[in-house]
Amino acid sequence: MTDDSALIIVDLQNDFCPGGALAVREGDLIVPAANRYIALFTAHGLPVFASRDWHPPVTSHFKEFGGIWPPHCIRGTDGAAFHPLLQLPPDAVVVSKGMGYSHDDYSAFQARDDDGQPLPDLLAGLGVKRVYVCGLATDYCVKETVLEALRHGLEATVLSDAIRGVELAPGDTHRALEAMHDAGARSATITELEQ
Ligand code: VGL
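Conventions we followed
- Residues numbered from 1 in each chain as written.
- Predicted model: local features only at pLDDT ≥ 70, side-chain atom pairs only at ≥ 80, totals over all residues.
- Heavy atoms only, no water.
- Near = heavy atom within 4 Å.
- Polar contact = N/O pair within 3.5 Å; in protein donor to acceptor, adjacent residues only side chain to side chain.
- Areas by Shrake-Rupley, 256 points an atom, 1.4 Å probe, with all protein chains shown as cover.
- Nonpolar A, V, L, I, M, F, W, Y, C, P; charged D, E, K, R; others polar.
- Core = buried A, V, L, I, M, F, W, Y, C linked by side-chain atoms within 4.5 Å.
- Buried < 20%, exposed > 50% of the residue type's maximum accessible area, 1.4 Å probe, protein only.
- Helix = DSSP H or I, 4+ residues; strand = E, 2+ residues; numbered from the N terminus.
- Contact = heavy atoms within 4.5 Å.
- Arc of directions from axis to C-beta.
- Salt bridge = Lys/Arg side-chain N within 4 Å of Asp/Glu carboxyl O.
- Axes fitted to C-alpha atoms, helices over the stretch in contact; angles between N-to-C directions.
- Parallel < 35°, antiparallel > 145°, perpendicular 65-115°, else oblique.

Peer 1: Would you explain the site of the ligand in this entry?
Peer 2: All residues adjacent to the ligand are Asp11, Phe16, Leu22, Asp53, His61, Trp69, His72, Tyr106, Leu136, Ala137, Tyr140 and Cys141. Within the side chain of Asp53, one N or O atom sits 3.4 Å away from a nitrogen atom of the ligand. A distance of 2.9 Å is found between an oxygen atom of the ligand and a backbone nitrogen or oxygen belonging to Ala137. When the ligand is considered free in solution it has 260 Å² of accessible area, and contact with the protein chains removes 100% of it. Within the shell around the ligand, the residues separate by chemical class into 8 nonpolar, 2 polar and 2 charged.

Peer 1: Would you take a moment to explain the nonpolar core for this structure?
Peer 2: For soluble globular proteins, the rule of thumb is that nonpolar side chains tend to be buried together. The biggest cluster of nonpolar side chains holds 35 residues, and the ones touching the most others in it are Leu7, Leu12, Tyr37, Phe41, Leu136, Leu159 and Leu193. When contributions to this core are tallied by element, the ones reaching two or more residues are β1 (5-10), α1 (31-43), β2 (48-53), β4 (130-136), β5 (155-164) and α5 (190-194). Looking at which element gives the most residues to this core, the answer is α1, with 7 residues. Contacts of Leu7, omitting those with residues within four sequence positions, involve Tyr37, Ile38, Phe41, Pro47, Val48, Phe49, Tyr132, Cys134 and Leu159.

Peer 1: I would appreciate a short explanation of helix α4 (residues 172-182) in the present structure.
Peer 2: Residues that lie three or four places apart on an α-helix share one face, since the helix turns once every 3.6 residues. Within α4 the residues assigned to the buried category are Asp172, Thr173, Ala176 and Met180. The buried side chains of α4 occupy one side of the element, clustering within an arc of 100 degrees when seen end-on. Summarising the geometry of α4, the exposed residues directed more than 90 degrees from the buried face are His174 and Asp182. Each element contacted by the buried residues of α4 is listed here: α3 (138-151) and β5. A positive backbone phi angle near 115 degrees is found at Gly184, which sits one or two residues after α4.

Peer 1: For this particular structure, what's the right way to read the pattern of salt bridges?
Peer 2: Two side chains that carry opposite charge are able to pair once their charged atoms sit near each other. One pass over the structure, following the stated rule, counts 10 salt bridges. Residues Asp11 and Lys97 are paired through a salt bridge, measuring 2.8 Å at the closest nitrogen-oxygen approach. You can see Asp11 sitting in the loop between β1 and α1 and its partner Lys97 sitting in strand β3 (residues 93-97), a full 86 residues away along the chain. In this structure, a network of salt bridges that share partners links the residues Asp4, Arg130, Glu155 and Arg186.

Peer 1: What should I look at first to understand the packing of α3 against α4 in this one?
Peer 2: What describes two packed helices is the angle between their axes and the distance between those same axes. The contact between α3 and α4 brings their axes to 10 Å, and the two run at 5 degrees. Our classification of the angle between α3 and α4 gives roughly parallel. Here Thr138, Asp139, Val142, Lys143, Val146, Leu147 and Leu150 of α3 lie close against α4, whose contacting residues are Asp172, Thr173, Ala176, Leu177, Ala179 and Met180. Taken together, the residues of the contact of α3 with α4 sort by class into 8 nonpolar, 2 polar and 3 charged.

The structure is reproduced here in structure tokens:
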């Protein structure tokens, strides 16, 4: 990690964890690792961003209205809240996405803070050149976040011990990791970064 690094925690929300509306298997098991990344970045004075799906009740993202997903992460509900054991620091920047009727917004780069500032602008404003990405789900929002980071010219590292996939089709997680690596992303684990 360097001075121009930032951590992005993607969609670590109740609905993506076991018991939630769109549960990712073992989604909750990444919370301790995410907390270690948060502690590490905070100790280095580096920015921490947390994205969240923040859907309206009616959206073409949901099956009922033409999409492929059950209703999940409806803004303001418990399902849309971050996992209760996620230890976000007070100065973490929360960015929300999927807020429009026809917005899938898998990538955190489509998300905005409470003032409406898009994540790419927030990163640029802080001089961030490298992003480290963990969260849910590997084969959707993590993948799209990493690919969009690379398209923005940033260096992107997938934190492989703090991600889990939805696996709509078996093998999706593996293919997502391949796609990220093929596009130029690196992988790292907490032990590698803590060294
Ligand atoms: C996600 C499926 C539907 C994700 C969001 O956060 O990866 N997956 N909406």
